[in-house]
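# Overview (structure and organization)
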Amino acid sequence: MLQSPSSSLCRLRGAAVHPLTSITLAEAPSYAIMDSDLQSILATFQFGNYLCAALVTAIAHDYILTFPREVDYVWKRPWTSMSTLFLLS
């Protein structure tokens, strides 16, 4: 099973060591750079997911609150050009 770079690093005698290769971060500093870049990318994706969930919740809340008015003002009345515009929007 493959591990992510952040979970595969461990501390051994004060130096971070990759357990599969036994290379310390002092010998291979690109591991530290990759790890921080990966963390910032994942944090950006996580923020995007939270933002998307918040927007979907707000839209669903608005739809639930306005649905009874939609039924009264659009579906129970004869079709007009305004009804058509409402459905297209």
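Residues numbered from 1 in each chain as written. Predicted model: local features only at pLDDT ≥ 70, side-chain atom pairs only at ≥ 80, totals over all residues. Heavy atoms only, no water.

Further remarks concern the overall build of the protein chain. Looking only at helices and strands, the protein chain has three helices and two strands in total. In the protein chain, the order of α-helices and β-strands from amino to carboxyl end is α-β-β-α-α. When each of the 89 residues of the protein chain is scored for burial, the buried share is 11%. Excluding contacts between residues fewer than 6 apart, the proportion of contacts in the protein chain whose partners are at least 24 apart in sequence is 17%. Accessible area of the protein chain: about 7600 Å², with a carbon and sulfur share of 68%. (Helix = DSSP H or I, 4+ residues; strand = E, 2+ residues; numbered from the N terminus. Buried < 20%, exposed > 50% of the residue type's maximum accessible area, 1.4 Å probe, protein only. Contact = heavy atoms within 4.5 Å. Areas by Shrake-Rupley, 256 points an atom, 1.4 Å probe, with all protein chains shown as cover.)

Relative to the helices and strands, Trp75 resides in helix α2 (residues 30-75). Those residues in contact with Trp75, other than ones at most four positions away along the chain, are Glu70 and Leu87. Side chain to side chain, Trp75 and Glu70 meet in a polar contact 3.0 Å long. (Polar contact = N/O pair within 3.5 Å; in protein donor to acceptor, adjacent residues only side chain to side chain.)

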